[in-house]
Amino acid sequence: MNDSTSAPGRPAADDALTRPFAGASPYDAYVHASVLNGLQHPLTEAPDEMGFLVTTQVMELWFTLIVHEWRVAGTAFAKDDLNAATGALVRSRRALTALDATWGPLAALTPAQFNAFRAAFGQASGFQSAMYRHMEFLLGDKSASMLRLHGGDPAAHEALSATYREPSLYDEALGFLHRQGLPVPEHVRERDMTEPYRSDPGVVEVWRRIYSGPQAHPLLALGELLTDIAELVQRWRFDHVMVVRRAMGGKSGSAGSTGLDWLERRAVRPVFPELWEVRGDV
């Protein structure tokens, strides 16, 4: 007798998932995981060096994504496409949040654990990162001396030189605001883009108009999104200071830097300064 209530047979395995690959897997062909997983080469037997390498490499990948999104946003602002610019900025906000979380594995290192491999990287230092320099230039923190650091690497120097000469993300946002009818001063719009951005009272007034107006206005939402990004950048810098303070205190940093003192000075550099100043004027 057939028992119609008996459990169905076990489904056959999915052939597409069990078929052997002809070479690298489609996953590896797309993600290049085998390349990424072969990039860690510890120089010591210290158990924490592998974590240090992986963490800093992950940071470089987040830098790459953030730079990509800020460039997308800048291009969208230049085309007066607020929706596309906002989408890219929101994605970069998520990436910045993830970037800051990468300090976790390094934040717990004791001085002895860090010193166990510190000598291995010699003159290498995070401030030499070309991709992080792109981030700073896109934030308006232009520096000819920092650009010159990469002169020995023609490809990196050429790419950085282009970012150095071009308008920053904030410059593009201000240009967009001007084309929306807001009086961004001409001397701000026509300034030398290779100079670091400095706060301008005329720009403070532009943001004051926005923040004093309807609280649901899209331009106020843009101001808050840019403020989110500025805050996350500052948090990442501050957390960098705290990681170094815990791991090495006030010792001199690698590559001849002044270590903690140098990081502390850079951590307080303002990002999109008028967005902070306007909050006392509304």
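See above for the structure.
Now for a quick tour of the structure. (Residues numbered from 1 in each chain as written. Predicted model: local features only at pLDDT ≥ 70, side-chain atom pairs only at ≥ 80, totals over all residues. Heavy atoms only, no water.)

Remarks on the overall build of the protein
Check the secondary structure of the protein and you find 16 helices and 0 strands. Taking 2.2 N^0.38 as the reference for a compact globule, 282 residues should give roughly 19 Å; the C-alpha atoms of the protein span a radius of gyration of 24 Å, well beyond that estimate. Overall size of the protein, expressed as C-alpha extent along the three principal axes, is 85 × 60 × 35 Å. Entry remark: accessible area of the protein is about 15500 Å², with carbon and sulfur atoms responsible for 58%. A distance of 3 Å separates the average location of the 27 positive side-chain charges in the protein from that of its 34 negative side-chain charges. (Helix = DSSP H or I, 4+ residues; strand = E, 2+ residues; numbered from the N terminus. Rg over C-alpha atoms; globule rule 2.2 N^0.38 Å. Areas by Shrake-Rupley, 256 points an atom, 1.4 Å probe, with all protein chains shown as cover. Lys, Arg positive; Asp, Glu negative; His and termini not counted. Charge placed at Lys NZ, Arg CZ, Asp CG, Glu CD.)

Some details on the environment of Ala85
Along the chain, Ala85 turns up in helix α5 (residues 82-101). According to the relative accessible area criterion, Ala85 is buried, its value standing at 0%. On a C-alpha basis, the gap between Ala85 and Gly280 in space is 27 Å, while along the polypeptide they are 195 residues apart. Aside from chain neighbours lying at most four places away, what touches Ala85 is Ala73, Ala76 and Phe77. (Buried < 20%, exposed > 50% of the residue type's maximum accessible area, 1.4 Å probe, protein only. Contact = heavy atoms within 4.5 Å.)

Some thoughts on helix α13 (residues 201-212)
With 12 residues, α13 ought to run about 16 Å at 1.5 Å a step, and its terminal C-alpha atoms sit 16 Å apart, in line with that. Restricting attention to buried positions, one finds in α13 the residues Gly202, Val203, Val204, Val206, Trp207, Ile210 and Tyr211. Residues of α13 that are buried sit in contact with α11 (169-179), α12 (186-189), α14 (218-248) and α16 (273-277). Where α13 begins, the capping side chain belongs to Asp200, and its oxygen is found 2.8 Å from the backbone nitrogen of Gly202. (Expected span 1.5 Å × (residues − 1). Polar contact = N/O pair within 3.5 Å; in protein donor to acceptor, adjacent residues only side chain to side chain.)

Observations regarding the nonpolar core
For soluble globular proteins, nonpolar side chains are generally found buried alongside one another. Judged by nonpolar contacts, the single largest core of 67 residues is most densely connected at Trp70, Leu89, Leu177, Trp207 and Phe272. Contributing elements (two or more residues each) for this core: α4 (49-78), α5, α7 (111-118), α8 (130-138), α11, α13, α14 and α15 (260-267). Sort the elements by how many residues they give to this core and α14 lands first, with 15 residues. Ignoring anything within four residues of it in the chain, the contact list for Phe272 reads Leu139, Leu169, Tyr170, Leu226, Ile229 and Ala230. (Core = buried A, V, L, I, M, F, W, Y, C linked by side-chain atoms within 4.5 Å.)

Details of the pattern of salt bridges
Between side chains of opposite charge, pairing is possible as soon as their charged atoms come close. Across all of its chains, the model carries 14 salt bridges by this definition. In this structure, Arg265 engages Asp261 in a salt bridge whose closest nitrogen and oxygen atoms are separated by 2.3 Å. Taken as a pair, Arg265 and Asp261 lie in helix α15 at a separation of 4 residues, close to a single helical turn. The class of Arg265 is partly exposed, set by a relative accessible area of 45%. One network of salt bridges, with partners in common, ties together Arg133, Glu136, Asp141, Arg266 and Arg269. (Salt bridge = Lys/Arg side-chain N within 4 Å of Asp/Glu carboxyl O.)

A closer look at unusual backbone geometry
Negative phi is the rule for most residues except glycine; trans is the rule for most peptide bonds. Even without glycine at this site, Asp80 takes up a positive phi of about 60°. Inspection of the secondary structure assignment puts Asp80 in the loop between α4 and α5. In this structure, Phe272 is a non-glycine residue whose phi angle is positive, near 50°. Topologically, Phe272 is positioned in the loop between α15 and α16. Residue Phe272 is classed as buried on the basis of its relative accessible area of 1%.

Notes on the side chain of Asp171
Mapped onto the elements of the fold, Asp171 is located in helix α11. For Asp171, a relative accessible area of 8% corresponds to the buried category. Discounting chain neighbours no more than four positions away, the residues touching Asp171 are Arg191, Met193 and Tyr197.

Any functional reading would require information beyond the geometric quantities listed.
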